[in-house]
Each structure stands twice: as C-alpha cells, then as structure tokens.
Amino acid sequence: MEPNTSDMHHLSADCLEITMEVHRVVPPPHKSTIQKLKTRLKETFFPDDPLRQFKGQPTSKKWILAAQYIFPILQWGPDYSLKLFKSDIVSGLTIASLAIPQGISYAKLANLPPIVGLYSSFVPPLVYAVLGSSRDLAVGPVSIASLILGSMLRQEVSPANDPVLFLQLAFTTTFFAGFFQASLGFLRLGFIIDFLSKATLVGFMAGAAIIVSLQQLKSLLGITHFTTQMGLVPVLSSVFHNTKEWSWQTILMGFCFLVFLLVARHVSMKRPKLFWVSAGAPLVSVILSTLLVFAFKAQHHGISIIGKLQEGLNPPSWNMLQFHGSHLGLSIKTGLVTGIISLTEGIAVGRTFAALKNYKVDGNKEMMAIGLMNMVGSSTSCYVTTGAFSRSAVNHNAGAKTAVSNIIMSITVMVTLLFLMPLFQYTPNVVLGAIIVSAVVGLIDIPAAYQIWKIDKFDFIVMLCAFFGVIFISVQDGLAIAVGISIFKILLQITRPKTVMLGNIPGTDIYRDLLHYKESMKIPGFLILSIEAPINFANSTYLNERILRWIEEYEAEEDLKKQSSLRFVILEMSGKSCLNYEFLAMMLISMASWQQRRKEKKLLIGNGTILLGINIS
C-alpha cells in the first residue's frame, strides 16, 4: 500500500515545525553586587557550608555541635563500645610494633637523636586522636618530611658540630610547619595544596625514595666518612671513594635483614590478610639484630650501634624554640616546605581510607588537627609528624575502628620510653638503614607513572622534572621546579583555551566535535564553535584572533566548494558562568570589520547567564 502523499507532506511540515521551535531565554533572577560577591566568597572558602548544621537548632544544641565540630572525639566517643575497643587495641599494638623501629630510624634520617623519633610517636598521636576526623590515620614521623628537614637545616648548621642548635632549629621548624598547616585550615585555604598535582607527587616521592635509599648506603656498607650532600652524583662518588671503609660484617647483616624485610613486605602485599607479617618484621629485625650484636660483641667487629638512649617521657622544649637570630629565615622556609609535604601526604592518606570505608574526612579540620598537633609537638621535643601511608595501611588492615588505635600506640610507646630503652642500646645502625629502605620502596609507584604517560604526556614531563630535579639537584629544588611547570601548564590552559567546530548528528538536535564524531555534519551557512575554557582578560585577545581565523578558514573552504556563504557565527558556551567585557568588545569590533567585504552576518553568543544576538551589517 502506497503512503498518502498529503499525509507525508503534513508529517514533514510538523517535523519542520518541531525542528524550528524557539524557546524564549529569560534572564536569571536579579542579584545585587554584594549578593554576587557573597555567593562567590562562600563557594570559594566555604564550599562545604560548615554552618548549615547549626540552622534551626536551639542554643544548647548549638554549643554541643560546636564542641563536636572542634573535638570530633566528642562525636563518636559517647557511643564507643567494648567491641570497638577490642579491634582498636589489636590495631594499636600492631602499628606500635611498626612505629617504634620506624621512629628511631626516621629520626636518624633527619639527623636528630634517635630518642626524638620515639618522642614524636607519643605526644602527636594523642593530640590527633582528640582533634582528627580520620579513623584510620596512624600518626608519626615520615621518611620524606624527615629527609627534607634534615637536608635543609644541614645546609647552614652541622648536626655533628652543633647538635644543640640543630635540635633547636628542628623544633622551631616543626612549630612553623604546624602554624602554617593550622592557618591553612582556619582560613579555609586548603586549595593551595592542590597545586601539588598527582604527577608532581609521583615524581617527587620516587626521587625522594631513591635519595633516602642512597643515604642509607652509609649504614648498609659501614662507611664512616660520608658526604653531607643529597644528590645522586655526590653520594655515589662518596661511596666508591671510600671503599676501604666498607665492612663485610655490616654488609652481610644489612643484606640479610633487608631481604627479610622486603620478602615480608611482598607477602603482605600479595595476601592482605597477612598484614601482620610486614607490620611486625621491623620490630623482629630490631630484636634479632640486637641479640646478635649483644651475643657476639659485634660492636667490636665493625658494626656500629645506636648506643645508650635516654629514658623517660618527652621533656618540654618550648624554651628551645628560636624566634629570632640569623637562622629564623631558615626555620620558616624549612617549616613551609615540610608543612606542605606532610600535610599533602596526611590528607591524601586520610581521604583514601575514608573512601574505602565510606565516611567523610573534612580537609580543613584535618589541616587544623595536623597543624595543632605539630605545634604542640614542637613544645614537647617532637619534630614534624603526619599520617604515613604504610603505617595507616597496617592500621586499616588490622581492623582499626576509631582513633583510639592511635591512643593505644601512644601508650605502648610511653611504656617503651619508661622501661624498655636500655634494650635498644645494642641495636645496629645497619638494621635501621634496612628498615628505612624497605619502607620507602613503596613510594616508587611505577603503575601510576605508566598511567600518567598514557593519559597526559605533559603531566608525565612534570613528573620527570620532579624526579630528576630531586635526584640531581636537591629535594626542595626538584619540588619547586615541578610545581613551577605545573603552574605554567595551568596558565597555558587559561591563556590558550581549546576551540572546536561543532556539527549536527543527523536525526538529532545534538551537536558534537566534528573531529571526534565522524557522523556529525556541518550546517551550511553556520559556523558553530565551542570554547572549552572560561573566558577572561588573559585569553580574550587570543580567542578573538582564533575565532576570526576559524571564520577565514570556513569561508575559504566554502569558496572552493562554491557553496553558500557564511551567515551565522554561533559561540556555544553553555558551561561558562560569565562573559568577559574585553572579549565581547573585541568581537564586536572584529565582526564589524567584515562589513565592507561580506554580506550580513549574525553573531550569537550564549551561556547560562547571557544570550546575545548581534547583527553585523
């Protein structure tokens, strides 16, 4: 049966009418300048709207909510149960077995007395348990912050020649690091740490891990005279220029325990339920090596030991803080760098495990908690601390339910400080070096580097700059270079935004990039462009020139094909929140300049706030 011709004509007319349907665009609700500024400031500094929980609440309830906001322990503390305590005590004892040897090792990495590492594993976790919002974060010294603090302070003060001044500067640096961290949280400026991109951190961490490992060659080989520089070339030069100082006893012991630690780490990675294997391996290594040294008097055969450690709890150190003198600038600079690095690591670790357990970590509260923790620590003989990934992973796998696991760890360290310090007198330095190497190996993230290469080549270059900068120049310079290149990338994206030509996908009212969607087609007489970035004064000149070039290329192509000339230029900017005055002024002038040579054109510019239609005749 043949279709009715009149019906088909009717259907075509209806389709045409639907296709050409016009919807009126109305302006958004009017807002005064003060209201717009208030909204912008709120979205910038208070995107989470922390005061919303106080709305409509009685005064007594507001005081309770305020106390819970400042001290999160008051939120979950009243509901704490014996069942939760059983899980927390297991995880607390587990991370304590890891924190004690790591604390001693990381303090030596920072060129500080080993006892300071244990001090830093006692007071800061107690402070964080009260102020922190993460259930899984295990607080204590970390390798990267220890390396940066030790290397930057050693540039001006020798820890061997002036140990008291070096210790004073370390505590002062910790205070400034904590002050900077707490200030970022209080002023809601946490977005500053976002300038440390994933690519920057991957390269920086890998380079720092290699530098840390190379520094341990002094302990692993038994070298007495070792370079104070951090670069790859000076360290290797020092190693091979002092081959006469190599001790085969030290090398043998270091190799055996390093293999043991790496195997334990591999077993726990392959089977997460055996997390206790890697968690207990460092403490087992310390105990076995100490017994071996004590039994065979190995300290008389070329194996260096820690020596006697001071017993007792943290002595007050507020009288050692230096807020004047020629080294004040060094303390502030070192505090700034170590503060940013430790804060970035701590928040990233906290958010990672919060996502796994489906709870929320408040970034600004974490900044204040970590900052106040370090400020208190600087007055109690502690240096820079944060949440370490390896220790927090063990805490998570051990079944930690709340921050009480940090309290259990602190109590265990307190018992160690009071009663067990004489047992560490014969602990060999080579085992501490092996513990550090096994801990920092996990910072080299090759799969992440491969993913960065596959997704964004520019980010891969940033990662390499951070990596090689740390290895061949210095830790802080490598980080600065990577951050500088990342900022340059951001500026490049802002000043040179991408523009694409859109075409219609047949049978739909959808318009997509002609290069990405091969089925999309140009509409005769229409040039539809999409600007894929915000418009501002920095890119208005470039966009004006680029759009005019699009017009020239379009008309040149149409002239060759002898098709209809360009009549409409449409700028699709639905994702843009505002239009820039300079951009609009330039476009009007540029489009008017075509009046003398071309026929009438119409420029359509639209976004979510403004729709402009301009006749150029």
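The structure contained in this document is the topic of the report that follows. Keep in mind the model is a prediction, meaning the values are calculated, not measured.

Under the 1.5 Å per step criterion, the end-to-end length of helix α10 (residues 198–215) is 25 Å for 18 residues, consistent within 8% with the ideal 26 Å. By the criterion of burial, α10 is predominantly enclosed, with 15 of the 18 residues buried.

Applying the stated criterion across every chain, the model contains four salt bridges. When the shortest N-O distance is used, the salt bridge between Lys 489 and Asp 456 registers 2.8 Å. Note that Lys 489 is positioned in helix α22 (residues 475–495) and Asp 456 in the loop between α20 (446–455) and α21 (457–472), a separation of 33 residues in sequence. Across the pair Glu 553 and Arg 549 runs a salt bridge whose closest N-O atoms are separated by 3.7 Å. Separated by four residues within a single helix, Glu 553 and Arg 549 lie in helix α23 (residues 540–561), roughly one turn from each other. Among the residues examined, Glu 553 registers a relative accessible area of 38% and is labelled partly exposed. Overall, the relative accessible area of 39% leaves Arg 549 in the partly exposed class. Among the ionic contacts, a cluster of salt bridges with common partners joins Asp 456, Asp 459 and Lys 489.

Right, let's talk about a nonpolar patch on the surface for a bit. Taken together, the side chains of Phe 191, Ile 192, Phe 195, Ile 487, Ile 490, Leu 491 and Ile 494 make up a nonpolar region of the molecular surface, amounting to roughly 550 Å² of accessible area. Taking relative accessible area as the criterion, Ile 487 reaches 34% and is therefore assigned partly exposed.

A few words on the packing of aromatic side chains. Scanning the entire structure with this criterion turns up 11 aromatic pairs. Taking the centre distance of 5.8 Å and the plane angle of 75 degrees together, the rings of Phe 175 and Phe 176 count as edge-to-face. Here Phe 294 and Tyr 426 contribute two aromatic rings whose centre-to-centre distance is 5.3 Å and whose plane-to-plane angle is 65 degrees, an arrangement assigned as edge-to-face. Pair noted here: Phe 294 is in helix α14 (residues 275–296) and Tyr 426 is in the loop between α18 (404–420) and α19 (429–440), with a separation of 132 residues, a long-range link. Residue classification places Phe 294 among the partly exposed residues on the basis of a relative accessible area of 45%. Among the aromatic residues, those joined into a cluster by ring pairs are Phe 175, Phe 176, Phe 179 and Phe 323. If you follow Arg 135 out to its NZ or CZ, it ends over the ring of Tyr 359, 4.1 Å from the centre. Directly above the aromatic system of Phe 294 lies the positively charged group of Lys 297, at a separation of 5.0 Å from the ring centroid.

Attention shifts here to the side chain of Lys 365. With respect to the element layout, Lys 365 can be found in helix α16 (residues 363–378). Nearest to the buried, unbridged Lys 365 among oppositely charged side chains is Asp 362, at 5.0 Å. In contact with Lys 365, other than residues within four places in its own chain, are Tyr 69 and Pro 72.

Moving on: the packing of α10 against helix α12 (residues 232–241). It is the contact of α10 with α12, at a shortest axis distance of 10 Å, that shows an interaxial angle of 20 degrees. The angle between α10 and α12 falls in the class roughly parallel. As α10 packs across α12, the resulting crossing turns out to be left-handed. On the side of α10, the interface is formed by Ile 211, Leu 214 and Gln 215, while α12 contributes Leu 232, Val 235 and Leu 236. Taken together, the residues of the contact of α10 with α12 sort by class into five nonpolar, one polar and no charged.

About the criteria used
Residues numbered from 1 in each chain as written. Predicted model: local features only at pLDDT ≥ 70, side-chain atom pairs only at ≥ 80, totals over all residues. Heavy atoms only, no water. Helix = DSSP H or I, 4+ residues; strand = E, 2+ residues; numbered from the N terminus. Expected span 1.5 Å × (residues − 1). Buried < 20%, exposed > 50% of the residue type's maximum accessible area, 1.4 Å probe, protein only. Salt bridge = Lys/Arg side-chain N within 4 Å of Asp/Glu carboxyl O. Patch = residues over 30% accessible without salt bridge, like charges linked within 9 Å, V, L, I, M, F, W, Y side chains within 5 Å. Areas by Shrake-Rupley, 256 points an atom, 1.4 Å probe, with all protein chains shown as cover. Phe/Tyr/Trp six-rings, centres within 6.5 Å; stacked < 30°, edge-to-face > 60°. Lys NZ or Arg CZ within 6 Å of the ring centre and 35° of its normal. Lys, Arg positive; Asp, Glu negative; His and termini not counted. Contact = heavy atoms within 4.5 Å. Axes fitted to C-alpha atoms, helices over the stretch in contact; angles between N-to-C directions. Parallel < 35°, antiparallel > 145°, perpendicular 65-115°, else oblique. Left-handed = near helix turned anticlockwise from the far one by under 90°. Nonpolar A, V, L, I, M, F, W, Y, C, P; charged D, E, K, R; others polar.

Bear in mind that shape data such as this cannot, by itself, settle questions of function.
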